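Residues per chain, in single letters:
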There are 4 protein chains.
Amino acid sequence: MLFGSDNISGVCPEVMDAILSVNVGTASSYGNDAATEMMNATFNEFFETPVTAFPVFTGTTANALSVAALCPSWGAVFCHESSHLAVDECGAPEFYTGGAKLVTLPGQHAKIDVTSLKASISSLHVGNPHEVQPAVISITQINEAGVTYSLDQIREFADIAHESGLYLHIDGSRFANACVALDCSPAEMTWQCGADAMSFGASKNGAMCAEAVVFFREELAQGFMYRHKRGGHLLAKMRFISIQLETYMRNEVWHRNAAHANAMAKRLSRGLELLPGIELSHKTEGNLVFVKFSEAIRQRLGQNGYEAYAGQPRTRLAASFDTSV
Amino acid sequence: MLFGSDNISGVCPEVMDAILSVNVGTASSYGNDAATEMMNATFNEFFETPVTAFPVFTGTTANALSVAALCPSWGAVFCHESSHLAVDECGAPEFYTGGAKLVTLPGQHAKIDVTSLKASISSLHVGNPHEVQPAVISITQINEAGVTYSLDQIREFADIAHESGLYLHIDGSRFANACVALDCSPAEMTWQCGADAMSFGASKNGAMCAEAVVFFREELAQGFMYRHKRGGHLLAKMRFISIQLETYMRNEVWHRNAAHANAMAKRLSRGLELLPGIELSHKTEGNLVFVKFSEAIRQRLGQNGYEAYAGQPRTRLAASFDTSV
Amino acid sequence: MLFGSDNISGVCPEVMDAILSVNVGTASSYGNDAATEMMNATFNEFFETPVTAFPVFTGTTANALSVAALCPSWGAVFCHESSHLAVDECGAPEFYTGGAKLVTLPGQHAKIDVTSLKASISSLHVGNPHEVQPAVISITQINEAGVTYSLDQIREFADIAHESGLYLHIDGSRFANACVALDCSPAEMTWQCGADAMSFGASKNGAMCAEAVVFFREELAQGFMYRHKRGGHLLAKMRFISIQLETYMRNEVWHRNAAHANAMAKRLSRGLELLPGIELSHKTEGNLVFVKFSEAIRQRLGQNGYEAYAGQPRTRLAASFDTSV
Amino acid sequence: MLFGSDNISGVCPEVMDAILSVNVGTASSYGNDAATEMMNATFNEFFETPVTAFPVFTGTTANALSVAALCPSWGAVFCHESSHLAVDECGAPEFYTGGAKLVTLPGQHAKIDVTSLKASISSLHVGNPHEVQPAVISITQINEAGVTYSLDQIREFADIAHESGLYLHIDGSRFANACVALDCSPAEMTWQCGADAMSFGASKNGAMCAEAVVFFREELAQGFMYRHKRGGHLLAKMRFISIQLETYMRNEVWHRNAAHANAMAKRLSRGLELLPGIELSHKTEGNLVFVKFSEAIRQRLGQNGYEAYAGQPRTRLAASFDTSV
């Protein structure tokens, strides 16, 4: 059993079978194929509303491209100081926006503190050319500490955003784990709360290389097809990525995988809590468990083959769709 | 039988089997895995010299990122006026370079005319801050008209480039077809002719979504890992792309696939030449056949299910690794 | 007498006096001053309609910023192959747009050939993500060959632009010379012909360092104040640039200066035409004279102190507001 | 008497006279003129070492262009959280670098806290493609709180920078006030402490529109002429900006102006300290005074015509070269 990351798992059987199934004969390239057509329809069903979705390969791309669609180059993106967007993308959002500024905010358990957010937004003077202009709030759901925002909290962020003319973006690299944790539908957690766009993640939860940028308001996607191509993200043999997303959304694959991962994390979490010298850093809501091990335990774990992020004040353990008991 | 593009084919059996074969257990993410290690070693063997290679998903990315590594934002890239780089990337090279200029050149059969190239380079005044500065020559091999540059011609381009402090880039989206056509090795066609970097294509010749940027001089790759990540091209589950490239290069898959496609194109080409009212626009050297059909023939082809690019003065027919007789 | 460029002249007396006149006491910085307020009002009077104007220091900035306001990063700007925009800005338009593409067009006497323009626009497929998208037509008036477009021709360009959803930009670095040549008002030559935005030049015609981006449709200026600041073009002691533009537009300074320069060029031109071995390359309409000298004459001119662009197939002679008889 | 900013003052007599003095006859454009040649020589004398200097018009440009020269697009620039670079440039550094990240640091009196700096640098993992890479430390001298770094402290920053392969940049928008405050030469305060590049300010201290980017290591200026032009900062009638810098550096104009402003600020500061209900927020070292007024005093000042930044927790008063007693 390894808990280094949910990225270390492979591809779940349903997705791999689907990839194999479309490897038959020829298909028009660049998205003019049957699998992509199906996928587009399925996205609408999945979100229970017409959406505009663009497949990409990595979460970095999904995040950077969505932010670029929502934020002018002189804009400010408000995000948590430990968000993937701010910390783990090597500046991709700055690159794709043409130099927008990420304003990083504090908050316990990697959740943006609302008071700080409001103060930060209003510290920038709209119409003052010396300052970047508020443009986007980005939250991660389930977030980098494995913790969820409640639907009410998401609604609050959307309200704060819209009152000031900003957009709300959700980094949903692990949105499936969040839906399971909150027992809600993707629609309930996103546009029904007021989210404008989303980085839709599938790779961490059983796909091979499939994420998407999803717009809940069609007008926000204007020109996006050019950003997408121009960044190098329009695949020639598109069917092989579309079918991953199609399969992932259909037949509850996304939900089953996430439910399993969450359950495994919960089990791991409960077992660890019983042990002396172990402390949970955050509540285990999804598939991520954050613990502080005592030094003694840490050594024992290492000897028993549990890989984990080393040299950190806390250790992150990630369960996956294929984590076995 | 369809000849719309080599992109309409699926994945060749060897590559698909390899993808399946690595879908076992866990593997470190972002390239710290066994398949990627193998791939790196295989790249060196394949090119018979140490190279630095970065996998990407699309040819657009391979082209735009390599050019960005070789050309400052104030640089000029000399390429053919019908090159993919100039015409079919929605400005990706301009985006990734931060606004470099593509200087497009004429030349028969999509081959850069050397006299025009020299004139164009020397028309820019080195050290004059009002003008963009010559930086890169980019040729496509096998090119957009399905025609090859001879090794001597590539050497000439490299010499022209290096005499003026420029780099030579090869868009090798179909380099395998060129190697087969010229009966030479990848090494002979690239760095042994003086090429500095290359867009290495595999997707059009049997892979699913696997291209690479290959540097033949290590110092040119400095900082490239950040460009790569920042553009969104560092895959989490890297093994699934690395194994495509690994398999493609090993066991002559690349060569067999290209040889088949070339042979099919040649056969098609010969058959067409015999027919009245058909004219070849360019010599058929690789897997691309360019014909001018008379209107009568065009209609008959349509009725018999041959898809092809429509509304063009000439029609491109592309054979693939799986084109059947 | 020197004819190297109109940039080699200094500042005309009216502008220099005005600069001195505002150097009294304090004034709010960054444009919140009386001179800037006056200038804004004067711009409206000058163009006989409400316009939105942003002072900048150089023609490069005026061109690059206006194009960036009109063209998305995936857009195409159609301009003449010898336009300043394409040839003499070291790629500034590409930089400020985030990598748009300048599509350069042929045409006699540096005037865009309309047939080529139409063909070029329609060669790009709107909605095809592989291609940059038509966005702007940019013409230079009086152009790089010293020749004017007639008002009818400008109207034609505007119509072509607007029919396809493009904007018409005028590089008016020497617009004053054009107004004099055509005996028309700035309004007649710009928005009344359908122009959407303009690079307004004053430096070549008597100012010290004063150009402007002028928008004839307010909505096009949206967000422009941030581009302007972010590029480093918002001067702290703004009154010193505003007063230049104010003075330039008031009291016919612009017209007198241009009329003088044009007259001097015409006189020079007529004198030259009488001489054997001299040929005018273009009709002399404004302040620029283009001649082909025979070698003998060229030597004699050099010996008599006439500086001019050397090593060119043709020689450009520029008259200025202070060119003496 | 107004203390809103040192930018509200006009141009000092010496600089204005010099501007007038070069407005005679013609001069080659774009810097090939006598005034620019003089200026270049004077820069070397001024800094007692060969430097490479590029005139620009605004402090924003000086800062953004110098940072762009020192920092790759995937780099991190460490600066104070209240630095002009981070707060008042509308994201110009992000724009010119192509999307680098400003890492903002705390520290009393707007001085970067060294411990935080070291922690922040080492929190980024060199060679990890997921993270931006440490590239530049930027300090402001005299800083945004009107406070100086000692020469020893600057040396410490340079050492920290160079030990990790970073560069030290000084935002010297008010460097003259700092030299006066520390009673040191420009050389002592910059390259002799290890600074690599500097934003050289003159506009706030008596010039009209003259700043410069100064490189203390020639190799850092490589390619800078193209960045400079491409950003729109190469003035045609260059003599008018060069002569400002030339005059400013010669004959102690810079020193006299700054000494006067500092003395006036000191006098103001002393007077204020004697009054009840007034507290200085920072030590008055240069020309900036920061006070907390009681509400009663604030009202009285307003009635007596003292303009000042309103609505701030503290009030900044700026003395200038022409502040009278």
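How each quantity is defined
Residues numbered from 1 in each chain as written. Chains lettered and ligands numbered in written order. Predicted model: local features only at pLDDT ≥ 70, side-chain atom pairs only at ≥ 80, totals over all residues. Heavy atoms only, no water. Core = buried A, V, L, I, M, F, W, Y, C linked by side-chain atoms within 4.5 Å. Buried < 20%, exposed > 50% of the residue type's maximum accessible area, 1.4 Å probe, protein only. Contact = heavy atoms within 4.5 Å. Least-squares fit on C-alpha atoms with pLDDT ≥ 70 in both. Helix = DSSP H or I, 4+ residues; strand = E, 2+ residues; numbered from the N terminus. Lys, Arg positive; Asp, Glu negative; His and termini not counted. Salt bridge = Lys/Arg side-chain N within 4 Å of Asp/Glu carboxyl O. Polar contact = N/O pair within 3.5 Å; in protein donor to acceptor, adjacent residues only side chain to side chain. Pairing = 2+ DSSP bridges. Axes fitted to C-alpha atoms, helices over the stretch in contact; angles between N-to-C directions. Parallel < 35°, antiparallel > 145°, perpendicular 65-115°, else oblique. Left-handed = near helix turned anticlockwise from the far one by under 90°. Nonpolar A, V, L, I, M, F, W, Y, C, P; charged D, E, K, R; others polar. Buried area = accessible area lost by both parts, 1.4 Å probe. pLDDT = per-residue confidence, 0-100. Phe/Tyr/Trp six-rings, centres within 6.5 Å; stacked < 30°, edge-to-face > 60°.

Draft legend 1. Highlighting the nonpolar core. Grouped together as the largest cluster of nonpolar side chains are 138 residues, with contacts concentrated most on A:Phe43, A:Phe200, B:Phe43 and B:Phe200. Not counting residues up to four positions away in its chain, the partners in contact with A:Phe43 are A:Val51, A:Ala53, A:Phe200, A:Ala212, A:Val214, A:Leu245 and A:Met249. If you look at the next biggest cluster of nonpolar residues, it comprises 136 residues, including C:Leu124, C:Ala212, D:Phe200 and D:Met249.

Draft legend 2. Region of the structure containing the relation of the copies chain B and chain A. When chain B is fitted onto chain A, the two copies agree to an RMSD of 0.1 Å after a turn of 180° and an axial shift of 0.0 Å. Put plainly, the chains are arranged around a two-fold axis. Among all residues of chain B, the one whose C-alpha sits closest to the rotation axis is B:Gly231, at a distance of 3.5 Å. The residues that chain B uses at the interface reappear at the interface of chain A in 98% of cases, marking a shared surface.

Draft legend 3. How the structure looks around the side chain of B:Lys237. With respect to the element layout, B:Lys237 can be found in the loop between α10 (224-230) and α11 (239-249). There is no salt bridge for the buried B:Lys237, and the closest opposite charge comes from A:Asp322, which lies 7.7 Å off by N-O distance. Within polar-contact distance, the side chain of B:Lys237 engages the backbone oxygen of A:Ser203 at 2.6 Å. Excluding residues that lie within four positions of it along the chain, B:Lys237 makes contacts with A:Asp6, A:Asn7, A:Ser9, A:Gly10, A:Ser203, A:Gly206, A:Ala207 and A:Met208.

Draft legend 4. A look at the pattern of salt bridges. Under the criterion given, the structure shown has 32 salt bridges over all chains. For the salt bridge of A:Glu14 with A:Arg256, the shortest nitrogen-to-oxygen distance reads 2.8 Å. Taken together, the residues A:Glu14 in helix α1 (residues 13-21) and A:Arg256 in helix α12 (residues 253-274) connect sequence positions 242 residues apart. Residue classification places A:Arg256 among the partly exposed positions, given a relative accessible area of 43%. One salt bridge in this structure joins D:Arg155 and D:Asp152, with 2.5 Å as the shortest N-O distance.

Draft legend 5. Up close: the sheet that holds strand β2 (residues 75-80) of chain B. Residue and element names in this part refer to chain B. Spatially, β1-β7-β6-β5-β4-β2-β3 is the arrangement adopted by the seven strands of the open sheet, whose pairing is mixed. In this open sheet, the two edge strands, each paired with only one partner strand, are β1 (52-56) and β3 (101-105). In this sheet, neighbouring strand axes are inclined to one another by 20° on average, regardless of whether the strands run parallel or antiparallel. Strand direction decides the pairing type here: strand β4 (residues 133-140) and strand β5 (residues 167-172), joined by five bridges, are parallel. Looking across to β5, one finds that Val 136 is bridged to Tyr 167. Against the sheet, helix α3 (residues 59-70) touches β1, β2, β4, β5, β6 (197-201) and β7 (211-215), its axis set at about 20° to β7.

Draft legend 6. How the structure looks around the packing of helix α1 (residues 13-22) of chain C against helix α11 (residues 239-249) of chain C. Residues and elements named next belong to chain C. In the contact formed by α1 and α11, the axes pass within 9 Å of each other and the chain directions differ by 140°. As the angle between them shows, α1 and α11 are arranged oblique. Taken as a pair, α1 and α11 cross one another with a handedness that is right-handed. Residues Glu 14, Val 15, Ala 18, Ile 19 and Val 22 of α1 form the contact with α11, whose participating residues are Arg 239, Phe 240, Ile 243, Gln 244 and Thr 247. Along the lines of polarity and charge, the residues of the contact of α1 with α11 split into six nonpolar, two polar and two charged.

Draft legend 7. Highlighting the relation of the copies chain B and chain C. The two copies are related by a screw operation: chain B maps onto chain C through 180° of rotation and 0.0 Å of translation along the axis, at an RMSD of 0.0 Å. Here 100% of the interface residues in chain B have copies in chain C that are interface residues too; the copies meet face to matching face.

Draft legend 8. Main features of the interface of chain B and chain A. Facing the 46 residues of chain B at the interface are 45 residues of chain A. With both sides pooled, the region where chain B packs onto chain A buries about 3900 Å², and carbon together with sulfur makes up 59% of that total. Together, B:Phe95, B:Arg230 and B:Lys237 form the three largest contributors to the area buried by chain B at its contact with chain A, with a combined 19%. Across the contact surface, chain B and chain A share 29 residue pairs in polar contact (both at pLDDT 80 or more). At the level of elements, α1 (13-21), α3, α5 (92-97), α10 and α11 of chain B are the ones that each hand at least two residues to the side of chain B that touches chain A.

Draft legend 9. Up close: the environment of D:Leu301. With respect to the secondary-structure elements, D:Leu301 resides in helix α13 (residues 295-303). Counting along the chain gives 212 residues from D:Leu301 to D:Glu89, while the straight-line C-alpha distance between them is 30 Å.

Draft legend 10. Region of interest: the confidence of the model for chain A. Across chain A, the average pLDDT comes to 94, with 96% of residues at or above 70. Here the complex is predicted with pTM 0.96, and the ipTM for its interfaces comes to 0.94.

Draft legend 11. Fine view of helix α8 (residues 175-182) of chain B. Residue and element names in this part refer to chain B. The element α8 is largely enclosed, with a buried count of six among its eight residues. Among all positions in α8, only Phe 175, Ala 176, Asn 177, Ala 178, Cys 179 and Val 180 are buried. Check the buried side of α8 and you find it contacts α2 (34-47), β5, α9 (186-189), β6, α11 and α12 (253-274). Among the residues trailing α8, Asp 183 stands out with phi positive, at a value near 50°.

Draft legend 12. Representation of the packing of aromatic side chains. All names here are of chain A. Per the counting criterion, the structure on display carries 73 aromatic pairs over all chains. Look at Phe 175 and Phe 200: their rings are 4.7 Å apart centre to centre, the planes differ by 40°, and that puts the pair in the tilted class. A residue pair is termed long-range when its members are at least 10 positions apart, and Phe 175 in helix α8 (residues 175-182) and Phe 200 in strand β6 (residues 197-201) qualify at 25 residues. The exposure class of Phe 175 is buried, given its relative accessible area of 0%.

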